[in-house]
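Architecture at a glance
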Amino acid sequence: MFESLGERLTGVFDRLTGRGVLSEKDVDEALREVRLALLEADVALPVVRDFIAKARERATGEAVVRSVRPADQVVKLVHDGLVEMLGGDDVQGLNLSTTPPTVILMAGLQGSGKTTTSAKLALRIQKMERRKVLMASLDTRRPAAMEQLATLGKQAEVETLPIVAGQSAPDIARRALQAARLGGFDVLILDTAGRTTLDEQMMGEAAEIARIASPHESLLVADALTGQDAVRTAKAFHERLALTGLILTRTDGDARGGAALSMRAVTGLPIKFLGAGEKIDALEVFDARRVAGRILGAGDVVALVEKAVAEVDHAQAEKMAAKLQKGQFDLDDLAAQLRQMQKMGGMQGLMGMLPGVQKVKKQIAESGMDDRVFRRQEAIIGSMTKLERRKPDVLNASRKRRVAIGAGVDVAEINRLLKQHRQMADMVKSMSKGGGKGFARMAQAMGGMMGGGPGGLPPGLTAPSNADLERLRALGGGQLPPGGGGLPGLPGMGGGGMPGLPGFPKKK
Amino acid sequence: MSDAPPDNGFIIAPIPGFGPKKSWTERLTKGLAKTSKEFTEQVTAVLTKRRLDQDALDELEEMLIEADLGPAAAARVAAAFGKARFGREADENEIKESLAEAIAAELRPHEARFDPLRGPKPYIVLFVGVNGSGKTTTLGKIAADLKGRGAKVLIAAGDTFRAAAVEQLSVWAARSDTPIITRPAGADAAGLVFDAAARARAEGFDVVLVDTAGRLQNKSALMDELAKIVRVLKKADPSAPHETLLVLDATVGRNALSQVEAFDRIAGVTGVVMTKLDGTARGGVLVPVAEASRAPIKLIGVGEGIDDLQPFDATAFARSLVGLPAR
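Keep in mind it's a predicted model, so treat the numbers as computed, not measured.

Low pLDDT marks regions whose predicted coordinates should not be analysed in detail. In this model, chain A carries an average pLDDT of 74, and 68% of its residues clear a pLDDT of 70 or more. pLDDT under 50 marks residues 355-359 of chain A. Its contacts with residues more than four places away, or in other chains, come to 10 contacts.

Quick look at the structure:
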């Protein structure tokens, strides 16, 4: 549905041929796309404006790292900016008081997931911190809200305050405090009624509860699906309750979660946890990198790029690049690529880092296309003589039979591998004719080969979008031979990324 | 009708809406007043008493984005507004009228009525949506409304997953004095729905309102379960469900589009209900949602009271959004 930022930027930079330094115009054009991407991800407009201003400062004049596509570079820059704005790697846990009971107040809009999150938090504190927790629902409005907390309490084996009919929220708060003190509880979690920020009476009640309970932690529970309203919500609650942190729920949905950035930017409060599932233990510690990747629609692509950089043997990559330039691509090169892919975690590993490809993963598993295929192909190449590897044309029927026996496969599989190699070799050849620049475009052409349409796996390991996903899905469903065979996808897979590899920034 | 206190010991604050009746447009305007106030103040501040130029239009577009219209719809509305007004000066009211018209034009093709009393009997209505969007509350309000109109209504508590969901719905059923079919937590929802349909036919009910558990649209296992509910329902009555209402929360941003698409694919949505329009300052999300959805918008919720759930009227909505009284 949404294009990822990587894709948008690729569009922009494809038109730019000049390399060297990012000009102001390049940056402007790229930032316009960044702005749209952030808005599509539900980041609030004022926050987007701030962010763009900062990013412009940083991007202008930035030297283009040799051979890295400017699009990737800008994505990285934006990603780093987002991580920083989200609080970086600094993880903030709960502030548990030394004099019990620590009071934790949970507030939020209706339907944001306060009650469920209260129970998740209670379970976590009881399990991980080994503190005794009491929960109390102050929700006198929503039918059966108290019942819900009591039921969840039973599931989590956390005690809940007995329900007394007809009490007002402040009265329940007082009773809960007393019960927590008398019962020797370490932590008291107060689950308040959901309210709309614009309902003065309800906000007043929340403030009164806060005054009575003087909580050590006041946590705003907010839905990751929230749109532009996130800013107002966070501000309104922060003004009345002096919040100490945020919990983002429903991060297991497919929303981009720009609300996280908005809320963090407006309140300066740390995001402490992420709710990531319906089960009572689905509460995770906040991870700025993951959320940033999400906002960009890029999954953990940056990690993927970093991993690629770390894993690639540079000397070998340079050597291969030189060969490719000359239009040569023999079976040794193919074997090297196969090894490279396996080093990066194989198919599963690569897929795992791409966003939202669970379905594709399943299809790949079903189609029998897995890492064993890579290993088998490597074995085939390993069973050849040096001459055969350099000049596959000499492989006649009897040589093929020998290789097949050596690798423990059928001759048909050898033919498939050879066909695949020939396609890749042809591609390399035609690209080298276009001069050095041809290689920049080669990745894309190869990607196209894979999907059978325009695109395929995004070239150069950039962020795939949902559109890519559709294509991948089509690929998984339609193009993969059932029963695991020739791997027509490989040229695109390996080839799409690998010819670009020499260009990854070197680790210093 | 009176809100007879249920005898199951829950604490219930009296809910608004059972009090003296106000007219629907009054409610809409009041509900959206909070929504519209800041937006219209901004808009008029930027646009009044100056010739409409590109800068002003750009600013308008940004405000529309902030009202959750999304970049694409915001650009369209701003452009339509610009066409009508470009190069001219206008007073506040004229600006509001033009803007309301531009928004209404976007919404009008996506407006339709929810009328369960005109159709086959029993008329089976399925409520679907993500967690916390307001399915149960919406169902409760509809039950009360239909009951008030003299219909024989059956409620099926198909949310067997969330803790106390059945209890919550039972309270609503008690309020409107409507029979309800429940099963213990964790039971198979599809089976319960089948029973409800069978019983409704046997006992001559007019309408069956089926609640379902909230589910995120990217959870394929849960969506499969929803598909099963629909499948099983069709076994009881091949023409069912006669209406599948997707309940959307107005505070949701761009993800609403993804919800529309996924729920439609699995359950064949026939109408959209947008709730909590009063709770946020952003009613604008209705525009991109209307556009993305195959199904029309049928109902909107502008308050907590029972009467605050109302048929969707594009013109009235657009006018309220910019702070104009109904015509």
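This brings us to the packing of aromatic side chains. Applying the stated criterion across every chain yields a total of 1 aromatic pair over all chains. The positively charged end of K132 of chain A is found above the aromatic ring belonging to F185 of chain A, 4.5 Å away from the centroid. Over the ring of W172 of chain B we find R175 of chain B, and its NZ or CZ is 4.6 Å from the ring centre.

Residues and elements named next belong to chain B. Sheet architecture is open: 8 strands sit in the order 3-2-4-1-5-6-7-8, paired in mixed fashion. Strand pairing shows two members of the sheet lacking a second neighbour, strand 3 (180-181) and strand 8 (309-311), which therefore form its edges. Alignment of strand 1 (residues 123-128) against strand 5 (residues 243-249), held across 4 bridges, turns out to be parallel. Opposite V128, over in strand 5, you have L246 as the bridge partner. The strands that helix 5 (residues 135-148) touches are strand 1, strand 2 (153-158), strand 4 (207-212), strand 5, strand 6 (271-275), strand 7 (297-301) and strand 8; relative to strand 4, the one it contacts most, it runs at about 170°. Docked against the sheet, helix 6 (residues 165-175) engages strand 2, strand 3 and strand 4, running at close to 170° with respect to strand 2.

Moving on to the sheet that holds strand 4 (residues 187-191) of chain A. Pairing between sheet strands relies on hydrogen bonds along the backbone, with the strands arranged either parallel or antiparallel. All names here are of chain A. Strand order in this open sheet of 8 strands is 3-2-4-1-5-6-7-8, and the pairing throughout is mixed. For this open sheet the edge positions go to strand 3 (159-160) and strand 8 (283-285), each flanked by a neighbour on one side alone. Direction of pairing for strand 6 (residues 245-249) relative to strand 7 (residues 271-275): parallel, over a ladder of 3 bridges. Bridging from a neighbouring strand, I247 pairs with F273 of strand 7. Sheet contacts for helix 9 (residues 230-241): strand 1 (102-108) and strand 5 (217-223); angle to strand 1, the most-contacted strand, approximately 145°.

As a further point, take the packing of helix 7 (residues 169-182) of chain A against helix 8 (residues 200-213) of chain A. All names here are of chain A. Close contact between helix 7 and helix 8 brings their axes to 9 Å; oriented N to C, the two are set at 20°. As judged from the angle between their axes, helix 7 and helix 8 are roughly parallel. Handedness of the crossing formed by helix 7 with helix 8: right-handed. In contact with A169, P170, A173, R174 and L177 of helix 7, helix 8 contributes E205, E208, I209, I212 and A213. Residue classes in the contact of helix 7 with helix 8 are distributed as 7 nonpolar, no polar and 3 charged.

Turning next to the pattern of salt bridges. All names here are of chain B. In total, this model carries 31 salt bridges over all chains according to the counting rule given. Note that K121 and D206 form a salt bridge whose closest N and O atoms lie 3.6 Å from each other. Residue K121 is located in the loop between helix 4 (92-107) and strand 1, and its partner D206 is located in the loop between helix 7 (189-203) and strand 4; the two are separated by 85 residues in the primary sequence. On the accessibility criterion, K121 (56% relative accessible area) is exposed. On the basis of relative accessible area, D206 is assigned to the buried category, the value being 16%. It is possible to trace a salt-bridge network through shared partners that takes in D115, R118, D145 and R149.

Residues and elements named next belong to chain A. Closest axis-to-axis distance for the helix 8/helix 9 pair is 9 Å, and the angle between their directions is 45°. In terms of their interaxial angle, helix 8 and helix 9 are classed as oblique. In this structure, helix 8 meets helix 9 at a crossing whose hand is right-handed. In this structure, helix 8 uses E200, M203, G204, A206, A207 and A210 to contact helix 9, whose residues at the interface are A236, F237, R240 and L241. In the contact of helix 8 with helix 9, the residues fall into 7 nonpolar, 1 polar and 2 charged.

Rules used throughout
Positions within a chain are numbered from 1, following the residues in the order the chain's sequence is written. Each chain takes a letter, starting from A, and each ligand takes a number, starting from 1, following the order in which they are written. Totals for whole chains, interfaces and linings use every residue, but because this is a predicted model, local features are given only for residues with pLDDT of at least 70 and side-chain atom pairs only at 80 or more, for both listing and counting. Derived side-chain values reflect all non-hydrogen atoms in the structure, with water molecules and hydrogen atoms excluded from consideration. Predictor confidence is given residue by residue as pLDDT, running from a minimum of 0 to a maximum of 100. When checking whether two residues touch, look at their non-hydrogen atoms; a contact exists if any pair is within 4.5 Å. Pairing of aromatic side chains here covers Phe, Tyr and the six-membered ring of Trp, requires ring centres within 6.5 Å, and sorts the geometry by plane angle: under 30 degrees stacked, over 60 edge-to-face, intermediate tilted. Charge-over-ring placement is defined geometrically: NZ (Lys) or CZ (Arg) within 6 Å of the ring centre, and within 35 degrees of the ring normal. Two strands make a pair as long as DSSP finds a minimum of two bridges between them. Helix and strand labels come from DSSP, where a helix needs a run of H or I of at least four residues and a strand needs a run of E of at least two; each type is numbered from the N terminus. Only C-alpha atoms enter the line fits that serve as axes; for helices the fit covers just the stretch in contact. Angles between N-to-C directions range over 0 to 180 degrees. Each angle gets one of four labels, with under 35 degrees taken as roughly parallel, over 145 as roughly antiparallel, 65 to 115 as roughly perpendicular, and the rest as oblique. Each crossing gets its handedness from the near helix: less than a right angle anticlockwise from the far helix is left-handed, clockwise is right-handed. As a working rule, the residues Ala, Val, Leu, Ile, Met, Phe, Trp, Tyr, Cys and Pro are called nonpolar, Asp, Glu, Lys and Arg charged, and the rest polar, with Gly in that last group. The rule for a salt bridge is simple: a side-chain nitrogen of Lys or Arg has to be within 4 Å of a carboxyl oxygen of Asp or Glu. Relative accessibility thresholds used throughout: buried, under 20% of the residue-type maximum; exposed, over 50%; partly exposed, between the two (1.4 Å probe, protein chains only).

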